[in-house]
Amino acid sequence: MRRRTKVLVGVGVVVLGGAVVVVGPGLYADWSNRAAAEEPTLDAPSGDGAALDPAGLAGDWTVADGSFAGYRVHEVLQGEDVTVTGRTDQVTGAFTVTDGALAAATVEVDMASVATDEPPRDAYFRGSALDVGTFPTATFALTEPADLPAGTADVELTGDLTIHGVTRTVTVEAQVGTTADGVQVVGSVPITFSDFDVQAPSLGFVTVDDAGSVEFGLDLVPTAGS
């Protein structure tokens, strides 16, 4: 199964390679880089975190519609640098704030729905790389309370990240800000694919770095009944 998926991806990339010959690898790289999603940031007007009041956030929160999670990796295509991002809005989770600190947090991501601008790449990601049929979700669970300081949005979240059935302790660099409807949490965490038993593909004229980052933007609303 692993070999067959690689062949299918290779065919997709060969077709893509034909396009590169027509428009040139430099132009294709520019197009791909423009297509990549921007790194997650807090929405205005609370982007500077100045309005954050930890005492006012006490209670339970739920991940709401409009949230996303995904990945960012660097590829080299015929000598050209390309940034690739995959995204999904199939994210669920729950947060609890107590005494000005994030006391508990869990997030679950449907990995089969993570998509880029290239279906062949997604087929490899879902098949050979992550085997989403066996490991359909990725999760993060906070393992240490995290203080939410007033007047700043920066916070480090320590927890267990599970991808491809492998769990590692990670530190997430995150930002927290208030919104009209609740709270927003954005951030990223660098990962090395081999730490999660994931092999980055190398298809001759396309090489993917052996490390990347997991990114997220979560809109939180008060949990019903809390």
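Residues numbered from 1 in each chain as written. Predicted model: local features only at pLDDT ≥ 70, side-chain atom pairs only at ≥ 80, totals over all residues. Heavy atoms only, no water.

Draft legend 1. Fine view of the confidence of the model for the protein. Per-chain confidence: the protein averages 82 in pLDDT, with 78% of residues scoring 70 or above. When pLDDT is averaged over each element of the protein, strand 6 (residues 137–142) comes out on top at 98 and helix 1 (residues 2–23) at the bottom at 35. Every residue in residues 46–50 scores below 50 in pLDDT, and together they form eight contacts with partners more than four places removed in sequence or on other chains. (pLDDT = per-residue confidence, 0-100. Helix = DSSP H or I, 4+ residues; strand = E, 2+ residues; numbered from the N terminus. Contact = heavy atoms within 4.5 Å.)

Draft legend 2. Focus on the packing of aromatic side chains. All chains considered together, the criterion is met by one aromatic pair. Between Tyr71 and Phe125, the ring centres sit 4.9 Å apart and the planes meet at 20 degrees, which makes this aromatic pair stacked. Of this pair, Tyr71 sits in strand 2 (residues 68–77) while Phe125 sits in helix 3 (residues 119–129), and the two are 54 residues apart along the sequence. Of the residues examined, Tyr71 reaches a relative accessible area of 12% and is grouped as buried. Taking relative accessible area as the criterion, Phe125 reaches 12% and is therefore assigned buried. (Phe/Tyr/Trp six-rings, centres within 6.5 Å; stacked < 30°, edge-to-face > 60°. Buried < 20%, exposed > 50% of the residue type's maximum accessible area, 1.4 Å probe, protein only.)

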